[in-house]
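What follows is the residue order along each chain.
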Amino acid sequence: MEPSAEHISNAEGLALPVAAAPEKSVFEHLHEWVVTVDHKKLGLMYIVYGLLFLVVGGAEALLIRLQLAVPNNHLISPEAFNQLFTMHGTTMIFLAAMPLVFGFANYLVPLMIGARDLAFPRLNAFGFWLSAFGGLLLYFSLIGGEGLAGAGSAPSVGWFAYSPLTSRAFSVGHSTDYWTLGVLIGSFGSIATAINIIATILCLRCPGMTLMKMPLLPWLYLVVSGMVLLAVSPLTAAQIMLLLDRFLGSHFFDTQAGGSAVLWMHFFWIFGHPEVYILVIPAFAFASEIIPVFSRKAIFGYPIMVGATVAIGFISMSVWAHHMFAVGMTSTGNTFFAISTMLVGIPTGIKIFNWIGTMWGGKIRFATPMLFSIAFLAQFLIAGLTGIMLAAAPFNWQLTDSYFVIAHFHYVIVGAIVFMIFAAIYYWFPKATGRLLDERLGRWHFWLFLIGFHLTFDIMHIPGLLGMPRRIYTYEADRGWGMLNMLCTVGAVFQAAGLLILVFNIVRSLLKGQAAGNDPWDAWTLEWATSSPPPEYNFAETPVVKSRRPLWDLKHPTDPDWKYE
Amino acid sequence: MNTIAANSTPELTAGPSLSRGPVAMAGLIIAESAIFTIFIVAYLFYLGKSLSGPTPQEVLKVPIVNTICLLSSSVTITCAVRALGRGRNLSFGVWWFATMALGSYFLFGTGREWMRLIYEKGLTIGTNLFGTTFYSLVGLHASHVIVGLAALLVVLALTACGAVQTAHAKRIEVVAIYWHFVDAIWVVVFTVVYIIGR
């Protein structure tokens, strides 16, 4: 694309390139994207990559649901079922959610703090390609899982890969190796990107933007990146140990030689639980940008929002063993992890209160991003409540590894994270492409997905309470879970339809969407001060800010924010 | 939207004063510390839980010369960075080379220790839990020394070409921070393996 100064001054017009640049071939375009170090291109690549795997992981979920729809079903073999839930979990966390979350950080953080790019653009490209390679390696197991010559097979050890299932004796062939290596390489990419985001936010903010004048999104990503450093690294270490066990014959998780299977659980969940917050805090970040703009009010309690996020970051580092109540810890351990888990409810409760406070008395516009955000608020509240139920150790003993747990964490991951990712796509799509996503299709997407989500995951709590364990490939008819499971499956079909509408909407709007202009939502943060899509250098002149809402100050010179902050 | 960058009060024209190199290195060190923490926890957790010999008490010798070498390389690299800051390029090169020599000797010493343990004492990574945790923890540290030496070598090669000048002192210092980290983590590994574990 041809960046020109005209884009910047052209405040309301289309910011699509107008210059008659010589037509490029497909390969030249492809080459440009492969070698790019531009944070916006890399951000979009992360997002497209994440959406692609969201569809793949969604298809796997659909197959799982079809198998479970009726009792005594033989659509899928038990072996294939194990592979499906392993690949579904691993794909959704490492190949869909993480790239989506980092993609938005890549695209938005430099724009929102008035910087030209991330602090280390080439490291950024390196991080993306590492993550992409990790994903390919995981799916390569479908071809090379049993060794290159034989037929492939996907890993089937579950997404948390408990020992001793992962030992050579129980995981023959290479599918588990592909799982380990794919996750390990992806985690290197995540750590590199997190370091980059931290350096960008701490070093490259535009003049006037003190930490407490920064929009909430970069603030929350600063916390998330810090958590990535502390939480993803233990996973890296544990994966190295697993590789040593599998290839060099060490005994970290080998109980026959005195090793401990429980140690793997600890190491995995030291990563695994903060990971939930690594994914949900970006959802909070999107909500903290979208809800104020569509309520026409500044965020309620900005310093408290920052403080609550930091508190969540700290507390979430000490809750991991609530995944292990059923393993048998001391009562002191149980009490500690139950209480620390319940403590997380306080800062998250404060956040929900503040978002509602932002909406309170506001002039709310129910555009698609806001619809998803409102649904997020309600669903995240419910997800938090079942979370507190599961944090009580005795209750947990009863329901551990049941569909109640599955329903709970899908409420967090789909109901909160995926809903806010959808909101963010609708909100920032015009900035990235210059075209609005279609509102009518957006509503269809929203309502179909909302109905499907509640049909699946509200009902899924009940078979859990009735005792249906997770990871079973089928069940007997006399259990009485048949009707409930059928309804869950119907809901999954609704969700799939919603997701397909989103994909269709993206393609259609890219081709003939309504022109967005620079600032379609009348928003206040710096990314809306430049053209849509932004030129490669982002801002023709380095912006200077005096408040948290620089564009408000610009639009209302007689009543600027900095007088009150 | 040019007005957003319009003339404003002078105190608003400067961004944050932190520079990206040290901040990123600090981030890397935090991540690396977390990795080491997991390996150290595993070492301490499995201490004395081996089902068969040899035990640390039987086979480990305290690597005093090695440790002195590695720790003094922190001093030499500080001298090197200081010399570069004062424009004494030759002195920088000499101190830098001395750092590499000390680091290489440490690596050599570790190699000799492993040779002795493997061929004389019959301790490999698969022998028992002590072997598993010992080789992985000390090996993790040694691999960091190797990465550090590679970085030092790049700087040395650039110095030999005359490409490293006083203007680069800040960047060279980032490499030095990493080297200090490698030394500092050895103090912890040394304490865990050779003092607590022995």
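Every value quoted in this text rests on a predicted model; they were computed, and no experiment measured them. (Residues numbered from 1 in each chain as written. Chains lettered and ligands numbered in written order. Predicted model: local features only at pLDDT ≥ 70, side-chain atom pairs only at ≥ 80, totals over all residues.)

### Some points on the overall build of chain A
In step 1: Summing up its helical and strand segments, chain A has 16 helices and zero strands in all.
In step 2: For 565 residues, the compact-globule estimate of 2.2 N^0.38 gives 24 Å, and chain A sits close to it at 24 Å.
In step 3: Within chain A, counting contacts between residues at least 6 apart in sequence, those at least 24 apart form 81% of the total. (Helix = DSSP H or I, 4+ residues; strand = E, 2+ residues; numbered from the N terminus. Rg over C-alpha atoms; globule rule 2.2 N^0.38 Å. Contact = placed C-beta atoms within 7 Å.)

### Section: the packing of helix 5 (residues 121–144) of chain A against helix 6 (residues 175–203) of chain A
Residue and element names in this part refer to chain A.
In step 1: Between helix 5 and helix 6, the least distance of the axes is 8 Å, while the angle of their chain directions is 165 degrees. Classified by the angle between their axes, helix 5 and helix 6 sit roughly antiparallel to one another. Here helix 5 runs over helix 6; the crossing is left-handed. (Axes fitted to C-alpha atoms, helices over the stretch in contact; angles between N-to-C directions. Parallel < 35°, antiparallel > 145°, perpendicular 65-115°, else oblique. Left-handed = near helix turned anticlockwise from the far one by under 90°.)

### Describing the nonpolar core
All names here are of chain A.
In step 1: I417, M420 and A423 are the most contacted members of the largest nonpolar core, which totals 212 residues.
In step 2: By residue number, the principal contributor to this core is helix 13 (residues 403–433), which donates 23 residues.
In step 3: Leave out the neighbours within four places in its chain, and M420 touches A283, F286, A287, F372, S373 and F376.
In step 4: F81, F85, M87 and A154 belong to the second largest nonpolar core, which has five residues in total. (Core = buried A, V, L, I, M, F, W, Y, C linked by C-beta atoms within 7 Å. Buried ≥ 20, exposed ≤ 12 C-beta atoms within 10 Å, placed from the backbone.)

### Concerning the interface of chain B and chain A
In step 1: On the side of chain A, 45 residues touch chain B, which itself brings 35 residues to the contact.
In step 2: Of all elements in the fold, only helix 1 (20–45) and helix 5 (129–160) of chain B reach the threshold of two or more residues within the side of chain B that touches chain A.
In step 3: Element by element, the count of residues in the side of chain B that touches chain A is highest for helix 1 of chain B, at 13 residues.

### Re helix 5 of chain B
In step 1: Under the 1.5 Å per step criterion, the end-to-end length of helix 5 of chain B is 46 Å for 32 residues, consistent within 8% with the ideal 46 Å.
In step 2: Just beyond helix 5 of chain B, the residue with positive phi is G162 of chain B, at close to 80 degrees. (Expected span 1.5 Å × (residues − 1).)

### Some points on the packing of helix 4 (residues 78–112) of chain A against helix 13 of chain A
Residues and elements named next belong to chain A.
In step 1: Across the interface, helix 4 lies against helix 13 with an axial gap of 12 Å and an inter-helix angle of 35 degrees. Along this stretch, helix 4 crosses helix 13, giving a crossing that reads as left-handed. For the pair helix 4 and helix 13, the contacting residues are A97, L100, F104, Y107 and L108 in the first and I417, I421, A424, W428 and A432 in the second.
In step 2: Of the residues assigned to the contact of helix 4 with helix 13, the class counts are ten nonpolar, no polar and no charged. (Nonpolar A, V, L, I, M, F, W, Y, C, P; charged D, E, K, R; others polar.)

### Comments concerning the confidence of the model for chain A
In step 1: For chain A, the mean per-residue pLDDT works out to 92, and 95% of the residues sit at or above 70.
In step 2: Throughout residues 1–18 of chain A the model reports pLDDT below 50, and contacts reaching past four residues in sequence, or to other chains, amount to 32 contacts. (pLDDT = per-residue confidence, 0-100.)

### Digging into the environment of V56 of chain A
Residue and element names in this part refer to chain A.
In step 1: For V56, the position within the fold is in helix 3 (residues 39–68).
In step 2: You can call V56 partly exposed: it has 18 C-beta atoms within 10 Å.
In step 3: For the pair V56 and H88, spaced 32 residues apart in sequence, the C-alpha separation works out to 8.3 Å.

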